[in-house]
Each structure stands twice: as structure tokens, then as C-alpha cells.
Amino acid sequence: MSKNIALITGVTGQDGSYLSEFLMAKGYEVHGIIRRSSVDFRERIAHLEGEPNFHLHYADLSDSMSLVRLVGKVQPTEIYNLAAQSHVQVSFDSPEYTADVDAVGVLRILEAVRANHLEKICKVYQASTSELYGKVEEVPQNENTPFHPYSPYAVAKLYGFWIVKEYREAYNMFCCSGILFNHESERRGETFVTRKITLAAACIAHGKQDCLYLGNLDSLRDWGYAKDYVECMWLILQQDKPEDFVIATGIQHSVREFTILAFKYAGITLEFKGKGLNEVGVCIAGPSELIGKELVKVSEDFYRPTDVVNLWGDPTKAKEKLGWNPMTTSFEKLVEIMVKHDMAKIAADNAAANIRKTNLAEYLEKGIVK
Ligand code: NAP
Ligand code: F7E
């Protein structure tokens, strides 16, 4: 039997790291694309480096020659195109770069497969997004809901969705999009709202931060666990025919609800008062020094020129055709996992800082450091 060889773009990201673990456990040879950086951004995959079935290569989604060369060298049987400028708010500040990577980057991957004559051998998964529904035209959203992208990120991802469909029809390629709703984890980037909240709840509980500033608290999302979602990416490529799928939990919560629950797991009970920019989250139970304090405030800085406020996915097709269970990890469990992780991280950072302080005091006393 021929070997399964996966090429993952975006391997250093949240999803890329979980997908690498998932595929390696299935016996795949995994190749990942990394970019040169002056600092080390490989902490999510550091534990995989050195494994005999895990290989990293320099390439960039904005550099078509690097992709053509790499696809030719690796000869993948499956490509998972997860690389993207993935932050919606950042896409308003860097719209051209976002379009280059998130839209044209998809085309470059498909063309790299064609240039190497691998159309019949290599399947392609494209990381599409619920942001395509944007200013939503119906709730909940399924595979037939019309798209209405509402940010430069979403517009770029819409091109990616359509070019995948076009290459499927024009060249008979096995290429599909997973329309994934928000999925989070303890590996989530620290500027996405969930991780920003869980880290802040942990810092505030440990006395390392006074207040958390957020934007739109009313925004509604269908949040799942990233570790559960990478299984769907693989399942989508194991079907007999290439199709697009919505991946979601089917349950919706607001940013405010996420915040209340995260603080609860950090031992702090919050009550929200006021409206709009004047809304605050006040501590009504928890550590005595925090009682009565305004721990959450709203800042205009985190409002977006256009914001997507009502995402709610319908995972019926994924349940029926992929046999996938969207309820493996509940919303409550997801928030608990993230807060527990961040409480332990901040406690460990504190302990390390204390050791450094003690060492420094000792060195100063001994005259080793001046
Ligand atoms: P993430 O943590 O932000 O990771 C993005 C990855 O893309 C990183 O590995 C990054 O590399 C890489 N990348 C960015 N620009 C690149 C370029 N020009 N060339 C090569 N690599 C590049 O994102 P994620 O949450 O794992 O999401 C994975 C994919 O799913 C993305 O396409 C995202 O848009 C999409 N998506 C995510 C969600 C979600 O809720 N997480 C939902 C729907 C769709 P560096 O480490 O070098 O920056
Ligand atoms: O925002 C609101 C914000 O940045 C969620 C990406 O993975 O999922 C992600 O995009 C909501 C928005 O994720 C803050 O206005 C309030 O309504 O966590 P987020 P996102 O924009 O939904 C989709 C599916 C992707 O495809 C993307 O790649 O929360 N919000 N206050 C805030 N958001 C942030 N970041 N920071 C705040 O302070």
C-alpha cells in the first residue's frame, strides 16, 4: 500500500499543530511549511520536531515558486491549506496582504498541484470560514445559506472558496472547503477574543492584571474545540466525492457569556452593568481584594468597521455524511480547559519569575552580578 503523505500549510498555527498530531497518530508522513522569522514561533509544534515522520520546510503562500518546488519534492497525497492571515480585525489594517495570502495563496496551492501533474493523486483541503456568511442572511447557517462577507478577510476567503470549487469542476480535482465556525483551544492565538479572555481571567485571579478591555460584548459565536475540528478536515478528504461541509456545534453564545463563564472558572463571579461603551463587569464574589472592582470594561479600540455579530452553524450534513459528533467537547468544557491551562501557565510564569528574582538576589549578594 502506498504511504499517506500530508503537506500542511499553517503548521505552526493552532489548527496545524493539532492536525499534525492527528495525522501522525494515523501513520501519515507529515510535512509542514514554515516561514523564516527573527524569533521562534514554533512552540505549538516543538514537541513534534525530531519525530521521524515529521518534516519542516521553508516556503511562503505569497511565493509561488517555493510552493511549486515543495509540492514537487514532497509529492503529497493530501494538502491541508491552513495558512492564512487569520485575524479579522488585522485584515482591516492589512487588506492587500490578507488578499494576497488568503485569496491568491489558495490559487497558488492549486496551481502547484497542477504544475506537478498531481491532480489525480493529491487531494486538497481548504480552510474556509463561517466569516463567509458575514452579515448573515439566515440563522442558523448551512451549506446553502447565501454568503455576505463583511471584512477584507472574509472577502479574501470567499475567493479561496470559489477558486477551489472552480478547480474541482474545471479540472476534476479532489479539492474541498471546510466552512469551519470559530474553534478555540488552549493553543489559540492570544489576540482572539476567547484566549484574550481566559488569559486575562487567569492574570487577574493571580493579581497580575487589573482590568480586561473588550469590544462588542453582544457578538454571538458558535464556538467549538479545535482538537475536535481537525478530525473533520481529514474526514472531508476521505469521502468518495469532493464536497464542502459546514463544521459547527449548533450552539451559540455571546462574548459576554464567554467572559462570565471564564471568570467563574478562575474563581471570580462577574455581574455586568450599564450599556454600550459604559458597560462594565463588576466582581461580586471571589477573592476579597477584588470584590466591587470593575474587572471588565469596553473599549472602542476593539470595535471593527463592520462586525459579524450572529454566527450560528448547522452541522447536520457533517453529522450525517461524515458521522462526526459536534458535541464531543461542550462549550462549558472548552472554557474550563482554556481557563485551567491559563491559570497553570500564569502560576508557572510567576514561579519562574520568583526563581529568577531569588537567583538575582543571590548573585548580587555574592557580587557575581553588578
Ligand atoms: P493561526 O493560528 O493564526 O495560524 C495561521 C498559520 O498560517 C500560521 O502557521 C502562520 O504561520 C501561517 N501563515 C500565515 N501567513 C502565511 C504565509 N504567507 N505563508 C505561509 N504560512 C503563513 O490560524 P488557525 O486558527 O490555526 O486557523 C487555521 C486556518 O483556518 C486559517 O486559514 C484560518 O483563516 C482558518 N479558520 C480558522 C478558524 C478558527 O476559528 N480558528 C475558523 C475558520 C477558519 P506563522 O506562525 O509563521 O505566522
Ligand atoms: O472575534 C468580538 C469581535 O477575533 C470574535 C478567526 O479564527 O473565527 C475567528 O474570527 C468576536 C467578534 O474571532 C473583542 O468583534 C469583542 O465579533 O475572536 P475573534 P473572529 O473575528 O470571529 C473565524 C471563524 C475565522 O475564520 C477567523 O480566522 O468577538 N470581540 N471584543 C473581540 N474580538 C477580539 N479579537 N478582541 C476583543 O477584544
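Values in this document were obtained by computation on a predicted structure and should not be read as measured data. (Residues numbered from 1 in each chain as written. Chains lettered and ligands numbered in written order. Predicted model: local features only at pLDDT ≥ 70, side-chain atom pairs only at ≥ 80, totals over all residues. Heavy atoms only, no water.)

Peer 1: Please provide a residue-by-residue account of the sheet that holds strand β13 (residues 269-273), values included.
Peer 2: Taking strand neighbours across the sheet as the criterion, the four strands line up as β8-β15-β14-β13 in an open arrangement whose pairing is mixed. A strand with exactly one partner marks an edge of an open sheet, and here the two such strands are β8 (212-214) and β13. Strand-to-strand twist across the sheet, computed as the mean angle between neighbouring axes with direction ignored, equals 25°. Two elements, strand β14 (residues 280-285) and strand β15 (residues 294-298), share three bridges in a ladder whose sense is antiparallel. By the bridge assignment for β15, Val-280 is matched with Lys-297. The strands touched by helix α6 (residues 193-205) are β8 and β15; relative to β8, the strand with the most contacts, the crossing angle is about 160°. Its contacts with the sheet put helix α8 (residues 255-265) on β8, β13 and β15, and the angle it makes with β13 is roughly 150°. (Pairing = 2+ DSSP bridges. Helix = DSSP H or I, 4+ residues; strand = E, 2+ residues; numbered from the N terminus. Axes fitted to C-alpha atoms, helices over the stretch in contact; angles between N-to-C directions. Contact = heavy atoms within 4.5 Å.)

Peer 1: Mind laying out the nonpolar core, listing which residues take part and the relevant values?
Peer 2: Counting residues in each nonpolar core, the largest one holds 63 residues, and the members touching the most others are Leu-23, Tyr-80, Tyr-125, Ile-247 and Phe-263. The biggest single contributor to this core is helix α7 (residues 226-237), with nine residues. Those residues in contact with Leu-23, other than ones at most four positions away along the chain, are Ala-6, Ile-8, Tyr-28, Val-30, Tyr-80 and Trp-234. Counting 25 residues, the second largest nonpolar core, distinct from the first, contains Ala-59, Val-101, Leu-118 and Val-164. (Core = buried A, V, L, I, M, F, W, Y, C linked by side-chain atoms within 4.5 Å. Buried < 20%, exposed > 50% of the residue type's maximum accessible area, 1.4 Å probe, protein only.)

Peer 1: Tell me what's going on with the packing of aromatic side chains, and back it up with residues and numbers.
Peer 2: The geometry of an aromatic ring pair is captured by the separation of the ring centres together with the interplanar angle, meaning the angle of the planes. Scanning all chains against the criterion turns up 12 aromatic pairs. Ring centres of Tyr-167 and Tyr-171 lie 4.9 Å apart, and the angle between their planes is 75°; on these two criteria the pair is classed as edge-to-face. You can see Tyr-167 and its partner Tyr-171 sitting in helix α5 (residues 152-171), four residues apart, about one turn around the helix. On the basis of relative accessible area, Tyr-167 is assigned to the buried category, the value being 8%. We classify Tyr-171 as partly exposed; its relative accessible area is 34%. If you follow Lys-123 out to its NZ or CZ, it ends over the ring of Phe-174, 4.5 Å from the centre. Note that Arg-187 overlies the ring of Tyr-18, its terminal NZ or CZ placed 4.1 Å from the centroid. (Phe/Tyr/Trp six-rings, centres within 6.5 Å; stacked < 30°, edge-to-face > 60°. Lys NZ or Arg CZ within 6 Å of the ring centre and 35° of its normal.)

Peer 1: Run through the site of ligand 1, naming residues and quoting values.
Peer 2: Every one of the 25 residues lining ligand 1 counts as a neighbour, but Thr-12, Arg-35, Asp-60, Ser-86 and Tyr-153 are closest to it. A distance of 3.0 Å is found between an oxygen atom of ligand 1 and a backbone nitrogen or oxygen belonging to Gln-14. Between ligand 1 and the protein, one listed contact pairs an oxygen atom with a side-chain N or O atom of Lys-157 at 2.8 Å. Contact with the protein chains removes 88% of the 900 Å² of surface that ligand 1 exposes when unbound. Residue assignment for the shell around ligand 1 shows that the elements contributing at least two residues are α1 (14-25), α4 (95-115), β5 (123-129) and α5. It is β5 that provides the largest number of residues to the shell around ligand 1, a total of three residues. The residue makeup of the shell around ligand 1, split by class, is 11 nonpolar, nine polar and five charged. (Near = heavy atom within 4 Å. Polar contact = N/O pair within 3.5 Å; in protein donor to acceptor, adjacent residues only side chain to side chain. Areas by Shrake-Rupley, 256 points an atom, 1.4 Å probe, with all protein chains shown as cover. Nonpolar A, V, L, I, M, F, W, Y, C, P; charged D, E, K, R; others polar.)

Peer 1: Give a detailed account of the pairing of strand β4 (residues 78-81), specifying residues and quantitative values.
Peer 2: Residues Glu-78 and Tyr-80 line one face of β4 and the alternating positions Ile-79 and Asn-81 line the opposite face, and both faces are buried. Here strand β1 (residues 5-9) pairs with β4 via four bridges, running parallel. Each residue of the ladder has a partner; that of Leu-7, found in β4, is Ile-79. For β4 and β5, the ladder comprises four bridges, and the chain directions are parallel. Residue pairing across strands places Tyr-80 opposite Tyr-125, the latter belonging to β5.

Peer 1: I'd like to hear about the state of the cysteines, residue by residue, with values.
Peer 2: One pass over the full model with this rule turns up zero disulfides. Cysteine Cys-203 remains unbridged, with the sulfur of Cys-211 as its closest cysteine sulfur at 13 Å. Here Cys-211 is not cross-linked by a disulfide; its sulfur's nearest cysteine counterpart is in Cys-283, at 12 Å. (Disulfide = S-S within 2.5 Å.)

Peer 1: Mind laying out the sheet that holds strand β6 (residues 175-180), listing which residues take part and the relevant values?
Peer 2: Within the open sheet, the seven strands sit side by side as β3-β2-β1-β4-β5-β6-β11. Their pairing is parallel. Every other strand in the sheet has two partners, leaving β3 (54-58) and β11 (245-247) as the edge strands with one partner each. Strand-to-strand twist across the sheet, computed as the mean angle between neighbouring axes with direction ignored, equals 20°. Contacting β1, β2 (29-34), β3 and β4, α1 runs over the sheet at an angle of about 175° to β1.

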